[in-house]
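The residues making up each chain are set out below.
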Amino acid sequence: MAPSLSPIRSHHVAVIGAGAAGLVAARELRREGHSVVVFERQKQVGGTWIYTDHTEPDPLSVDPTRSVVHSSVYGSLRTNLPRECMGYRDFPFVVRSGVSESRDPRRFPSHGEVLAYLQDFAKEFAIEEMVRFETAVLKVAPAADEGTGKWRIESTDNEKRDRRDEIYDAVVVCNGHYIEPRLAEIPGISSWPGKEMHSHNYRVPEPFRDQVVVLIGNSASADDISRDIARVAKEVHVAGRSNAADTFIKRSGYSNLWIHSMIERVHEDGSVLFQNGKTISVDVLMHCTGYKYHFPFLETNGNVTVDDNRVGPLYKDVFPPAFAPWLSFVGIPWKVVPFPMFELQSKWIAGVLSGRIPLPSKEDMMKEIKTLYSTLEAEGIAKRYTHQMGITQFEYSNWLASQCGCPETEEWRKEMYLTTGMRKRAHPETYRDEWEDHHLVSQAYQDFSLYT
Ligand code: FAD
(Lines give C-alpha, C1' and ligand atoms only; values in the text may rest on other atoms or scores of the structure.)
Protein backbone atom coordinates (compact mmCIF):
# COMPACT_ATOMS: atom_id res chain seq x y z
CA MET A 1 0.00 0.00 0.00
CA ALA A 2 1.11 3.57 -0.65
CA PRO A 3 2.03 5.39 2.56
CA SER A 4 -0.67 7.64 4.02
CA LEU A 5 -0.28 10.94 2.33
CA SER A 6 0.12 14.54 3.21
CA PRO A 7 0.13 16.18 -0.20
CA ILE A 8 2.93 18.46 -1.22
CA ARG A 9 0.64 20.35 -3.60
CA SER A 10 -3.06 19.95 -4.04
CA HIS A 11 -4.69 20.75 -7.39
CA HIS A 12 -8.11 21.22 -8.92
CA VAL A 13 -8.47 18.23 -11.24
CA ALA A 14 -11.12 17.33 -13.82
CA VAL A 15 -11.74 13.67 -14.58
CA ILE A 16 -13.64 12.88 -17.79
CA GLY A 17 -15.80 9.78 -17.41
CA ALA A 18 -17.18 7.77 -14.47
CA GLY A 19 -16.49 4.27 -15.80
CA ALA A 20 -14.08 1.85 -14.14
CA ALA A 21 -11.16 4.17 -14.95
CA GLY A 22 -12.72 7.48 -13.89
CA LEU A 23 -14.06 6.07 -10.62
CA VAL A 24 -10.70 4.86 -9.38
CA ALA A 25 -8.93 7.95 -10.74
CA ALA A 26 -11.31 10.14 -8.71
CA ARG A 27 -10.70 8.06 -5.58
CA GLU A 28 -6.92 8.19 -5.88
CA LEU A 29 -6.82 11.89 -6.69
CA ARG A 30 -8.95 12.72 -3.67
CA ARG A 31 -6.93 10.38 -1.44
CA GLU A 32 -3.86 12.35 -2.45
CA GLY A 33 -5.55 15.58 -1.41
CA HIS A 34 -6.61 17.01 -4.77
CA SER A 35 -10.05 18.51 -5.34
CA VAL A 36 -11.87 16.57 -8.04
CA VAL A 37 -14.78 17.08 -10.42
CA VAL A 38 -15.82 14.08 -12.51
CA PHE A 39 -17.75 14.82 -15.70
CA GLU A 40 -20.11 12.04 -16.76
CA ARG A 41 -22.57 12.33 -19.60
CA GLN A 42 -24.67 9.36 -18.47
CA LYS A 43 -27.07 9.26 -15.53
CA GLN A 44 -25.06 6.79 -13.47
CA VAL A 45 -21.57 5.40 -12.91
CA GLY A 46 -20.31 2.26 -14.67
CA GLY A 47 -19.53 3.36 -18.26
CA THR A 48 -19.55 0.53 -20.74
CA TRP A 49 -21.10 -1.86 -18.18
CA ILE A 50 -24.42 0.02 -18.23
CA TYR A 51 -26.34 -2.34 -20.49
CA THR A 52 -29.07 -0.83 -22.63
CA ASP A 53 -31.48 -2.27 -25.21
CA HIS A 54 -30.96 0.88 -27.24
CA THR A 55 -28.65 0.87 -30.21
CA GLU A 56 -27.57 3.67 -32.51
CA PRO A 57 -29.80 4.42 -35.51
CA ASP A 58 -26.80 4.06 -37.81
CA PRO A 59 -25.96 0.33 -37.42
CA LEU A 60 -22.34 0.91 -38.45
CA SER A 61 -21.97 3.92 -36.12
CA VAL A 62 -20.01 5.93 -38.66
CA ASP A 63 -22.13 9.09 -38.72
CA PRO A 64 -20.10 11.64 -36.69
CA THR A 65 -23.29 13.56 -35.81
CA ARG A 66 -25.04 10.49 -34.38
CA SER A 67 -26.24 10.44 -30.82
CA VAL A 68 -23.82 8.01 -29.19
CA VAL A 69 -25.00 5.00 -27.17
CA HIS A 70 -22.06 4.44 -24.84
CA SER A 71 -22.39 0.74 -24.09
CA SER A 72 -21.08 -2.06 -26.32
CA VAL A 73 -22.31 -4.77 -23.96
CA TYR A 74 -24.71 -7.42 -25.30
CA GLY A 75 -27.43 -9.22 -23.36
CA SER A 76 -25.70 -12.58 -22.89
CA LEU A 77 -22.29 -11.12 -22.05
CA ARG A 78 -20.38 -12.73 -19.20
CA THR A 79 -16.91 -11.55 -18.23
CA ASN A 80 -13.96 -13.15 -19.96
CA LEU A 81 -11.82 -12.81 -16.83
CA PRO A 82 -12.57 -14.48 -13.50
CA ARG A 83 -13.91 -12.02 -10.95
CA GLU A 84 -10.99 -12.54 -8.52
CA CYS A 85 -8.55 -11.45 -11.21
CA MET A 86 -10.68 -8.62 -12.53
CA GLY A 87 -11.38 -6.49 -9.45
CA TYR A 88 -9.45 -3.50 -8.10
CA ARG A 89 -6.66 -4.62 -5.81
CA ASP A 90 -8.01 -3.12 -2.60
CA PHE A 91 -11.71 -3.66 -3.34
CA PRO A 92 -11.97 -7.30 -4.40
CA PHE A 93 -14.73 -8.33 -6.78
CA VAL A 94 -16.25 -10.86 -4.38
CA VAL A 95 -19.81 -11.65 -3.39
CA ARG A 96 -20.31 -9.37 -0.41
CA SER A 97 -22.46 -10.37 2.51
CA GLY A 98 -25.70 -8.50 2.87
CA VAL A 99 -26.15 -7.81 -0.84
CA SER A 100 -29.38 -8.68 -2.60
CA GLU A 101 -30.13 -12.13 -3.99
CA SER A 102 -30.38 -10.71 -7.48
CA ARG A 103 -26.59 -10.63 -7.66
CA ASP A 104 -24.72 -13.09 -9.88
CA PRO A 105 -22.22 -15.06 -7.76
CA ARG A 106 -20.58 -16.90 -10.68
CA ARG A 107 -16.82 -16.66 -11.19
CA PHE A 108 -17.40 -15.26 -14.69
CA PRO A 109 -20.52 -13.23 -13.99
CA SER A 110 -22.89 -11.38 -16.28
CA HIS A 111 -22.44 -7.72 -17.16
CA GLY A 112 -25.01 -6.69 -14.54
CA GLU A 113 -22.81 -8.03 -11.76
CA VAL A 114 -19.86 -5.92 -12.97
CA LEU A 115 -22.05 -2.85 -13.00
CA ALA A 116 -23.25 -3.65 -9.46
CA TYR A 117 -19.62 -4.04 -8.35
CA LEU A 118 -18.71 -0.63 -9.79
CA GLN A 119 -21.73 0.89 -8.08
CA ASP A 120 -20.61 -0.71 -4.80
CA PHE A 121 -17.15 0.75 -5.30
CA ALA A 122 -18.59 4.22 -5.95
CA LYS A 123 -20.74 3.96 -2.82
CA GLU A 124 -17.97 2.61 -0.58
CA PHE A 125 -15.66 5.50 -1.47
CA ALA A 126 -18.37 8.17 -1.82
CA ILE A 127 -17.36 8.90 -5.40
CA GLU A 128 -20.74 10.10 -6.60
CA GLU A 129 -20.47 13.32 -4.60
CA MET A 130 -17.65 14.28 -6.98
CA VAL A 131 -19.59 13.43 -10.16
CA ARG A 132 -21.57 15.85 -12.33
CA PHE A 133 -23.97 13.45 -14.01
CA GLU A 134 -25.60 14.07 -17.38
CA THR A 135 -22.85 16.51 -18.18
CA ALA A 136 -20.88 16.09 -21.38
CA VAL A 137 -17.45 17.56 -21.90
CA LEU A 138 -17.44 19.38 -25.23
CA LYS A 139 -13.96 20.83 -25.28
CA VAL A 140 -10.70 20.49 -23.38
CA ALA A 141 -7.93 22.89 -24.42
CA PRO A 142 -4.90 24.56 -22.86
CA ALA A 143 -5.97 27.81 -21.19
CA ALA A 144 -3.30 29.96 -22.78
CA ASP A 145 -4.45 33.17 -21.09
CA GLU A 146 -4.37 31.56 -17.65
CA GLY A 147 -0.63 30.79 -17.66
CA THR A 148 1.05 27.49 -18.40
CA GLY A 149 -0.38 24.15 -17.40
CA LYS A 150 -4.03 25.07 -16.87
CA TRP A 151 -6.91 23.69 -18.89
CA ARG A 152 -10.17 25.18 -20.07
CA ILE A 153 -13.11 22.80 -20.03
CA GLU A 154 -16.38 23.50 -21.78
CA SER A 155 -19.24 21.27 -20.72
CA THR A 156 -22.98 21.13 -21.05
CA ASP A 157 -25.88 19.34 -19.42
CA ASN A 158 -27.79 16.92 -21.65
CA GLU A 159 -30.53 19.47 -22.39
CA LYS A 160 -27.81 21.90 -23.48
CA ARG A 161 -29.29 24.54 -21.15
CA ASP A 162 -26.43 24.91 -18.72
CA ARG A 163 -23.18 25.46 -20.63
CA ARG A 164 -20.12 25.97 -18.46
CA ASP A 165 -16.63 27.17 -19.18
CA GLU A 166 -14.16 26.45 -16.36
CA ILE A 167 -10.46 26.36 -15.62
CA TYR A 168 -8.74 23.34 -14.05
CA ASP A 169 -5.14 22.73 -13.06
CA ALA A 170 -5.14 19.24 -14.54
CA VAL A 171 -7.29 16.90 -16.63
CA VAL A 172 -7.40 13.11 -16.45
CA VAL A 173 -9.04 11.58 -19.52
CA CYS A 174 -11.02 8.41 -18.76
CA ASN A 175 -13.54 8.40 -21.61
CA GLY A 176 -13.20 4.71 -22.61
CA HIS A 177 -12.33 3.33 -26.01
CA TYR A 178 -15.07 0.90 -26.97
CA ILE A 179 -17.56 3.11 -28.77
CA GLU A 180 -15.94 4.37 -31.97
CA PRO A 181 -16.05 1.35 -34.33
CA ARG A 182 -13.27 0.18 -36.60
CA LEU A 183 -14.56 -1.34 -39.81
CA ALA A 184 -13.05 -3.92 -42.11
CA GLU A 185 -12.36 -2.80 -45.67
CA ILE A 186 -14.24 -5.11 -48.03
CA PRO A 187 -13.87 -4.94 -51.80
CA GLY A 188 -17.25 -4.41 -53.46
CA ILE A 189 -19.05 -3.34 -50.28
CA SER A 190 -20.52 -0.10 -51.69
CA SER A 191 -22.82 -2.04 -54.02
CA TRP A 192 -23.51 -5.02 -51.75
CA PRO A 193 -27.26 -5.02 -50.96
CA GLY A 194 -27.28 -6.76 -47.55
CA LYS A 195 -27.36 -5.25 -44.08
CA GLU A 196 -24.07 -4.16 -42.46
CA MET A 197 -23.58 -3.45 -38.79
CA HIS A 198 -20.92 -3.25 -36.07
CA SER A 199 -20.94 -5.39 -32.93
CA HIS A 200 -21.28 -2.12 -30.96
CA ASN A 201 -24.96 -2.31 -31.97
CA TYR A 202 -25.49 -6.01 -31.22
CA ARG A 203 -27.67 -6.83 -28.21
CA VAL A 204 -29.69 -10.06 -28.66
CA PRO A 205 -29.84 -12.89 -31.25
CA GLU A 206 -33.58 -12.73 -32.05
CA PRO A 207 -33.36 -10.27 -35.02
CA PHE A 208 -31.09 -12.80 -36.76
CA ARG A 209 -33.56 -15.66 -36.66
CA ASP A 210 -33.39 -17.72 -39.91
CA GLN A 211 -30.82 -15.32 -41.39
CA VAL A 212 -27.41 -16.04 -42.89
CA VAL A 213 -24.92 -13.96 -40.94
CA VAL A 214 -21.22 -13.32 -41.50
CA LEU A 215 -19.17 -11.95 -38.62
CA ILE A 216 -15.74 -10.46 -39.28
CA GLY A 217 -13.17 -10.71 -36.51
CA ASN A 218 -11.09 -12.98 -34.32
CA SER A 219 -11.84 -11.29 -31.02
CA ALA A 220 -13.78 -12.36 -27.93
CA SER A 221 -16.83 -10.50 -29.29
CA ALA A 222 -16.84 -12.41 -32.60
CA ASP A 223 -16.47 -15.65 -30.70
CA ASP A 224 -19.26 -14.96 -28.19
CA ILE A 225 -21.68 -13.33 -30.62
CA SER A 226 -21.31 -16.02 -33.29
CA ARG A 227 -22.32 -18.67 -30.74
CA ASP A 228 -25.15 -16.49 -29.45
CA ILE A 229 -26.58 -15.95 -32.94
CA ALA A 230 -26.07 -19.58 -34.02
CA ARG A 231 -28.88 -20.53 -31.61
CA VAL A 232 -31.46 -18.91 -33.92
CA ALA A 233 -29.81 -18.11 -37.26
CA LYS A 234 -29.93 -20.31 -40.35
CA GLU A 235 -26.16 -20.12 -40.81
CA VAL A 236 -23.34 -18.24 -39.11
CA HIS A 237 -19.93 -17.75 -40.75
CA VAL A 238 -16.95 -16.14 -39.05
CA ALA A 239 -14.23 -14.59 -41.24
CA GLY A 240 -10.88 -13.77 -39.65
CA ARG A 241 -8.07 -11.73 -41.18
CA SER A 242 -5.45 -13.75 -39.31
CA ASN A 243 -6.86 -17.11 -40.42
CA ALA A 244 -4.89 -19.00 -43.10
CA ALA A 245 -6.24 -18.48 -46.64
CA ASP A 246 -7.60 -22.03 -46.88
CA THR A 247 -9.39 -21.98 -43.49
CA PHE A 248 -12.81 -23.63 -43.57
CA ILE A 249 -13.74 -25.32 -40.29
CA LYS A 250 -17.09 -26.36 -38.89
CA ARG A 251 -17.34 -25.40 -35.19
CA SER A 252 -17.73 -28.58 -33.18
CA GLY A 253 -21.03 -28.83 -31.36
CA TYR A 254 -22.82 -26.68 -33.98
CA SER A 255 -24.60 -27.65 -37.17
CA ASN A 256 -24.67 -24.11 -38.55
CA LEU A 257 -21.42 -22.37 -37.55
CA TRP A 258 -18.28 -22.20 -39.72
CA ILE A 259 -14.90 -20.46 -39.48
CA HIS A 260 -13.39 -19.07 -42.70
CA SER A 261 -10.43 -17.10 -43.92
CA MET A 262 -11.04 -13.39 -44.60
CA ILE A 263 -13.60 -12.15 -47.12
CA GLU A 264 -12.10 -11.76 -50.59
CA ARG A 265 -14.94 -9.59 -51.93
CA VAL A 266 -18.70 -9.14 -51.91
CA HIS A 267 -21.00 -8.94 -54.94
CA GLU A 268 -24.08 -7.00 -56.06
CA ASP A 269 -26.18 -10.17 -55.93
CA GLY A 270 -25.71 -10.34 -52.14
CA SER A 271 -23.08 -13.06 -52.17
CA VAL A 272 -19.83 -13.10 -50.19
CA LEU A 273 -16.67 -14.75 -51.47
CA PHE A 274 -14.09 -15.87 -48.89
CA GLN A 275 -10.37 -16.29 -49.55
CA ASN A 276 -10.90 -20.03 -49.20
CA GLY A 277 -12.96 -19.96 -52.42
CA LYS A 278 -16.37 -20.54 -50.78
CA THR A 279 -19.25 -18.30 -51.87
CA ILE A 280 -22.48 -17.89 -49.91
CA SER A 281 -25.52 -15.68 -50.11
CA VAL A 282 -25.64 -13.48 -46.99
CA ASP A 283 -28.27 -11.37 -45.21
CA VAL A 284 -26.14 -9.59 -42.58
CA LEU A 285 -22.45 -8.68 -42.27
CA MET A 286 -21.39 -7.84 -38.74
CA HIS A 287 -18.03 -6.14 -38.13
CA CYS A 288 -16.61 -7.43 -34.84
CA THR A 289 -13.45 -5.56 -35.65
CA GLY A 290 -12.90 -3.56 -32.49
CA TYR A 291 -12.77 0.14 -31.79
CA LYS A 292 -10.70 3.27 -32.29
CA TYR A 293 -9.41 5.68 -29.67
CA HIS A 294 -11.41 8.85 -29.97
CA PHE A 295 -11.11 12.11 -28.07
CA PRO A 296 -13.51 14.43 -29.90
CA PHE A 297 -13.29 17.04 -27.12
CA LEU A 298 -9.51 17.29 -26.95
CA GLU A 299 -7.73 20.23 -28.60
CA THR A 300 -3.98 20.04 -28.18
CA ASN A 301 -2.62 21.80 -31.26
CA GLY A 302 -1.28 18.52 -32.58
CA ASN A 303 0.61 17.68 -29.38
CA VAL A 304 -1.50 14.56 -28.84
CA THR A 305 -2.73 12.69 -31.90
CA VAL A 306 -4.36 9.41 -32.80
CA ASP A 307 -2.47 7.96 -35.76
CA ASP A 308 -3.47 4.48 -36.96
CA ASN A 309 -4.86 3.95 -33.46
CA ARG A 310 -1.65 4.98 -31.73
CA VAL A 311 -2.33 7.69 -29.14
CA GLY A 312 0.80 9.68 -28.86
CA PRO A 313 3.21 10.62 -27.85
CA LEU A 314 2.44 9.18 -24.40
CA TYR A 315 5.02 8.42 -21.73
CA LYS A 316 4.16 5.02 -20.24
CA ASP A 317 0.76 5.19 -21.95
CA VAL A 318 -0.28 7.95 -19.53
CA PHE A 319 1.42 11.37 -19.87
CA PRO A 320 1.91 13.34 -23.12
CA PRO A 321 5.33 14.94 -22.45
CA ALA A 322 4.28 18.33 -23.85
CA PHE A 323 1.61 18.68 -21.14
CA ALA A 324 2.88 16.41 -18.36
CA PRO A 325 1.70 16.13 -15.69
CA TRP A 326 -1.28 18.40 -16.35
CA LEU A 327 -2.90 16.12 -18.93
CA SER A 328 -3.04 12.36 -18.48
CA PHE A 329 -4.93 9.29 -19.68
CA VAL A 330 -6.15 6.29 -17.70
CA GLY A 331 -7.07 3.09 -19.52
CA ILE A 332 -5.21 3.29 -22.82
CA PRO A 333 -3.56 -0.19 -22.79
CA TRP A 334 -5.57 -3.12 -24.12
CA LYS A 335 -5.37 -6.89 -23.81
CA VAL A 336 -4.87 -6.33 -20.09
CA VAL A 337 -6.59 -6.86 -16.74
CA PRO A 338 -8.06 -3.37 -16.75
CA PHE A 339 -9.32 -2.46 -13.28
CA PRO A 340 -6.13 -3.11 -11.24
CA MET A 341 -4.10 -1.40 -13.94
CA PHE A 342 -6.39 1.65 -13.85
CA GLU A 343 -5.85 1.71 -10.09
CA LEU A 344 -2.06 1.85 -10.43
CA GLN A 345 -2.12 4.40 -13.25
CA SER A 346 -4.40 6.57 -11.11
CA LYS A 347 -2.18 6.34 -8.04
CA TRP A 348 0.79 7.32 -10.19
CA ILE A 349 -0.99 10.32 -11.71
CA ALA A 350 -2.23 11.49 -8.31
CA GLY A 351 1.26 11.25 -6.78
CA VAL A 352 2.96 12.92 -9.73
CA LEU A 353 0.47 15.81 -9.64
CA SER A 354 1.11 16.46 -5.97
CA GLY A 355 4.84 16.44 -6.58
CA ARG A 356 5.41 13.38 -4.39
CA ILE A 357 6.47 11.18 -7.31
CA PRO A 358 8.99 12.67 -9.76
CA LEU A 359 8.68 12.46 -13.57
CA PRO A 360 11.66 12.47 -15.92
CA SER A 361 12.29 15.62 -17.98
CA LYS A 362 10.19 16.12 -21.11
CA GLU A 363 13.27 15.34 -23.23
CA ASP A 364 13.87 12.05 -21.42
CA MET A 365 10.20 11.06 -21.71
CA MET A 366 10.29 11.79 -25.45
CA LYS A 367 13.51 9.81 -25.80
CA GLU A 368 11.89 6.77 -24.18
CA ILE A 369 8.82 7.06 -26.40
CA LYS A 370 10.96 7.29 -29.54
CA THR A 371 12.93 4.22 -28.45
CA LEU A 372 9.66 2.33 -27.99
CA TYR A 373 8.43 3.37 -31.45
CA SER A 374 11.73 2.31 -33.05
CA THR A 375 11.61 -1.06 -31.27
CA LEU A 376 8.05 -1.69 -32.45
CA GLU A 377 9.00 -0.76 -35.99
CA ALA A 378 12.08 -2.99 -35.94
CA GLU A 379 9.91 -5.87 -34.74
CA GLY A 380 7.41 -5.25 -37.55
CA ILE A 381 4.61 -4.36 -35.12
CA ALA A 382 2.07 -2.00 -36.69
CA LYS A 383 1.30 1.33 -34.99
CA ARG A 384 -2.19 0.20 -34.11
CA TYR A 385 -0.74 -2.40 -31.73
CA THR A 386 1.28 0.18 -29.75
CA HIS A 387 -1.03 -0.07 -26.73
CA GLN A 388 -1.61 -3.83 -26.86
CA MET A 389 0.10 -5.43 -23.85
CA GLY A 390 -0.83 -9.05 -23.11
CA ILE A 391 1.92 -10.65 -21.06
CA THR A 392 4.00 -7.44 -20.88
CA GLN A 393 1.26 -5.78 -18.81
CA PHE A 394 2.67 -7.24 -15.59
CA GLU A 395 6.09 -5.70 -16.11
CA TYR A 396 4.33 -2.40 -16.82
CA SER A 397 2.06 -2.67 -13.76
CA ASN A 398 5.02 -3.57 -11.57
CA TRP A 399 6.86 -0.51 -12.83
CA LEU A 400 3.84 1.65 -11.91
CA ALA A 401 3.66 -0.06 -8.52
CA SER A 402 7.32 0.70 -7.86
CA GLN A 403 6.71 4.38 -8.62
CA CYS A 404 3.82 4.46 -6.18
CA GLY A 405 5.43 2.37 -3.43
CA CYS A 406 2.83 -0.40 -3.86
CA PRO A 407 3.37 -4.16 -3.91
CA GLU A 408 3.80 -5.77 -7.33
CA THR A 409 0.97 -7.65 -9.07
CA GLU A 410 0.10 -10.73 -7.04
CA GLU A 411 1.55 -13.93 -8.50
CA TRP A 412 -1.86 -15.64 -8.36
CA ARG A 413 -3.44 -12.83 -10.44
CA LYS A 414 -0.83 -13.17 -13.14
CA GLU A 415 -1.15 -16.96 -13.23
CA MET A 416 -4.93 -16.79 -13.22
CA TYR A 417 -4.85 -14.43 -16.22
CA LEU A 418 -2.53 -16.77 -18.13
CA THR A 419 -4.41 -19.93 -17.18
CA THR A 420 -7.74 -18.40 -18.14
CA GLY A 421 -6.34 -17.34 -21.52
CA MET A 422 -5.19 -20.88 -22.22
CA ARG A 423 -8.47 -22.44 -21.15
CA LYS A 424 -10.42 -19.91 -23.21
CA ARG A 425 -8.51 -20.93 -26.32
CA ALA A 426 -8.80 -24.66 -25.59
CA HIS A 427 -12.40 -24.71 -24.29
CA PRO A 428 -14.17 -21.58 -25.53
CA GLU A 429 -17.55 -23.09 -24.81
CA THR A 430 -16.98 -24.11 -21.20
CA TYR A 431 -14.10 -22.08 -19.72
CA ARG A 432 -16.51 -19.84 -17.83
CA ASP A 433 -18.10 -22.75 -15.96
CA GLU A 434 -15.30 -25.29 -15.53
CA TRP A 435 -11.77 -24.62 -14.31
CA GLU A 436 -8.78 -26.17 -12.63
CA ASP A 437 -7.08 -23.22 -10.92
CA HIS A 438 -8.67 -23.83 -7.50
CA HIS A 439 -5.33 -23.24 -5.75
CA LEU A 440 -5.14 -19.75 -7.30
CA VAL A 441 -8.67 -18.97 -6.16
CA SER A 442 -7.70 -19.96 -2.58
CA GLN A 443 -4.63 -17.73 -2.72
CA ALA A 444 -6.74 -14.86 -4.01
CA TYR A 445 -9.25 -15.22 -1.17
CA GLN A 446 -6.43 -15.31 1.38
CA ASP A 447 -5.25 -11.95 0.06
CA PHE A 448 -8.80 -10.60 -0.06
CA SER A 449 -9.27 -11.26 3.67
CA LEU A 450 -7.20 -8.10 4.20
CA TYR A 451 -9.95 -6.05 2.60
CA THR A 452 -13.26 -7.88 3.10
P1 FAD B 1 -15.90 3.18 -20.00
O2 FAD B 1 -16.46 2.12 -19.17
O3 FAD B 1 -16.26 3.22 -21.43
O4 FAD B 1 -16.29 4.58 -19.32
C5 FAD B 1 -16.05 5.82 -19.93
C6 FAD B 1 -17.05 6.82 -19.37
O7 FAD B 1 -16.75 8.12 -19.90
C8 FAD B 1 -18.49 6.51 -19.74
O9 FAD B 1 -19.29 6.47 -18.59
C10 FAD B 1 -18.89 7.67 -20.67
O11 FAD B 1 -20.24 8.02 -20.56
C12 FAD B 1 -17.97 8.79 -20.20
N13 FAD B 1 -17.70 9.79 -21.23
C14 FAD B 1 -17.14 9.57 -22.45
N15 FAD B 1 -17.03 10.74 -23.12
C16 FAD B 1 -17.50 11.71 -22.30
C17 FAD B 1 -17.66 13.13 -22.44
N18 FAD B 1 -17.28 13.79 -23.54
N19 FAD B 1 -18.19 13.81 -21.40
C20 FAD B 1 -18.57 13.15 -20.25
N21 FAD B 1 -18.46 11.82 -20.08
C22 FAD B 1 -17.92 11.11 -21.09
N23 FAD B 1 -12.95 -5.84 -19.00
C24 FAD B 1 -12.77 -6.77 -18.03
O25 FAD B 1 -12.04 -6.52 -17.05
N26 FAD B 1 -13.40 -7.99 -18.09
C27 FAD B 1 -14.23 -8.31 -19.10
O28 FAD B 1 -14.78 -9.40 -19.13
C29 FAD B 1 -14.47 -7.33 -20.13
N30 FAD B 1 -15.33 -7.57 -21.15
C31 FAD B 1 -15.62 -6.58 -22.04
C32 FAD B 1 -16.57 -6.80 -23.03
C33 FAD B 1 -16.91 -5.80 -23.94
C34 FAD B 1 -17.93 -6.06 -24.99
C35 FAD B 1 -16.27 -4.55 -23.85
C36 FAD B 1 -16.62 -3.44 -24.80
C37 FAD B 1 -15.30 -4.33 -22.89
C38 FAD B 1 -14.96 -5.33 -21.97
N39 FAD B 1 -14.01 -5.12 -20.99
C40 FAD B 1 -13.78 -6.08 -20.03
C41 FAD B 1 -13.20 -3.90 -20.98
C42 FAD B 1 -13.92 -2.72 -20.30
O43 FAD B 1 -14.05 -1.77 -21.26
C44 FAD B 1 -13.14 -2.25 -19.14
O45 FAD B 1 -13.25 -3.26 -18.16
C46 FAD B 1 -13.59 -0.97 -18.47
O47 FAD B 1 -14.93 -1.06 -18.10
C48 FAD B 1 -13.32 0.29 -19.25
O49 FAD B 1 -13.57 1.36 -18.38
P50 FAD B 1 -13.31 2.88 -18.80
O51 FAD B 1 -13.64 3.69 -17.60
O52 FAD B 1 -11.96 3.01 -19.39
O53 FAD B 1 -14.32 3.18 -19.98
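These remarks concern the structure in this document. Please read these numbers as outputs of a predicted model, since none were measured by experiment. (Residues numbered from 1 in each chain as written. Predicted model: local features only at pLDDT ≥ 70, side-chain atom pairs only at ≥ 80, totals over all residues. Heavy atoms only, no water.)

**Looking at the overall build of the protein**
What the protein contains, in helices and strands, is nine helices and 19 strands. Relative to its length of 452 residues, the protein is compact, with a C-alpha radius of gyration of 23 Å against a globular reference of 22 Å. Over its C-alpha atoms, taken along the principal directions, the protein stretches across nearly 65 × 50 × 50 Å. Here the protein, with 452 residues, has 54% of them falling under the buried criterion. (Helix = DSSP H or I, 4+ residues; strand = E, 2+ residues; numbered from the N terminus. Rg over C-alpha atoms; globule rule 2.2 N^0.38 Å. Buried < 20%, exposed > 50% of the residue type's maximum accessible area, 1.4 Å probe, protein only.)

**Details of the state of the cysteines**
What the rule picks out here adds up to zero disulfides. Cys-85 takes part in no disulfide bond, and the closest cysteine sulfur to it belongs to Cys-406, at a distance of 18 Å. No disulfide involves Cys-406; its nearest neighbouring cysteine sulfur is the one of Cys-404, lying 4.9 Å away. (Disulfide = S-S within 2.5 Å.)

**Notes on the pairing of strand S9 (residues 212–216)**
S9 sits mainly inside the fold: five of its five residues count as buried. Both faces of S9 are covered, namely the face carrying Val-212, Val-214 and Ile-216 and the face carrying Val-213 and Leu-215. The pairing of S9 with strand S10 (residues 235–239) spans five bridges and is classified as parallel. Among the inter-strand pairings, Val-212 is bridged to a residue of S10, identified as Glu-235. One crossover worth recording links S9 to the parallel S10 by way of helix H4 (residues 220–230), and it is right-handed. The sheet contact formed by S9 and strand S16 (residues 284–287) spans four bridges and is parallel. Residue Val-214 lies in a different strand from S16, and its bridge partner there is Leu-285. (Pairing = 2+ DSSP bridges. Right-handed = clockwise from strand over helix to strand, strands pointing away.)

**As for a nonpolar patch on the surface**
On the surface, a nonpolar cluster with roughly 280 Å² of combined accessible area is contributed by Ile-391, Leu-418 and Met-422. Tracing the sequence through the fold places Ile-391 in the loop between helix H6 (362–378) and helix H7 (393–404). Among the residues examined, Ile-391 registers a relative accessible area of 52% and is labelled exposed. (Patch = residues over 30% accessible without salt bridge, like charges linked within 9 Å, V, L, I, M, F, W, Y side chains within 5 Å. Areas by Shrake-Rupley, 256 points an atom, 1.4 Å probe, with all protein chains shown as cover. Salt bridge = Lys/Arg side-chain N within 4 Å of Asp/Glu carboxyl O.)

**A closer look at the packing of aromatic side chains**
Here the structure, examined in full by the defined rule, presents 26 aromatic pairs. Ring centres of Phe-91 and Phe-121 lie 5.5 Å apart, and the angle between their planes is 70 degrees; on these two criteria the pair is classed as edge-to-face. Highlighted residues: Phe-91 in the loop between helix H2 (83–86) and helix H3 (111–124) and Phe-121 in helix H3, separated in sequence by 30 residues. For Phe-121, a relative accessible area of 0% puts it in the buried group. Ring geometry for Tyr-178 and Tyr-291: centres 5.7 Å apart, planes at 80 degrees, overall edge-to-face. In this pair, Tyr-178 sits in the loop between strand S7 (170–173) and strand S8 (195–198) while Tyr-291 sits in the loop between S16 and strand S17 (305–307), placing the two residues 113 residues apart along the sequence. (Phe/Tyr/Trp six-rings, centres within 6.5 Å; stacked < 30°, edge-to-face > 60°.)

**What about unusual backbone geometry?**
Across the chain, the bulk of peptide bonds are trans and the bulk of non-glycine residues have phi less than zero. Looking along the chain, the bond that leaves Gly-312 and enters Pro-313 is cis, with omega of -5 degrees. Looking at the element boundaries, Pro-313 is found in the loop between strand S18 (310–312) and strand S19 (327–329). Between Ala-324 and the following residue, Pro-325, the backbone shows a cis peptide bond with an omega angle of -5 degrees. Note that Pro-325 resides in the loop between S18 and S19. Located in the positive-phi region is Ala-126, a residue other than glycine, with phi close to 50 degrees. We classify Ala-126 as partly exposed; its relative accessible area is 30%. One non-glycine residue, Lys-335, lies in the positive phi region at around 60 degrees. Examined against the element boundaries, Lys-335 turns out to sit in the loop between S19 and helix H5 (338–354).

**Considering the sheet that holds strand S14 (residues 271–274)**
Strand order in the open sheet made by the three strands is S13-S14-S15, with antiparallel pairing throughout. Only two strands of the sheet have a single partner each, and these edge strands are strand S13 (263–266) and strand S15 (279–281). With direction set aside, neighbouring strand axes in the sheet form an average angle of 25 degrees. Pairing between S14 and S15: three bridges, direction antiparallel. Directly across from Val-272, in S15, lies its bridge partner Ile-280. (Axes fitted to C-alpha atoms, helices over the stretch in contact; angles between N-to-C directions.)

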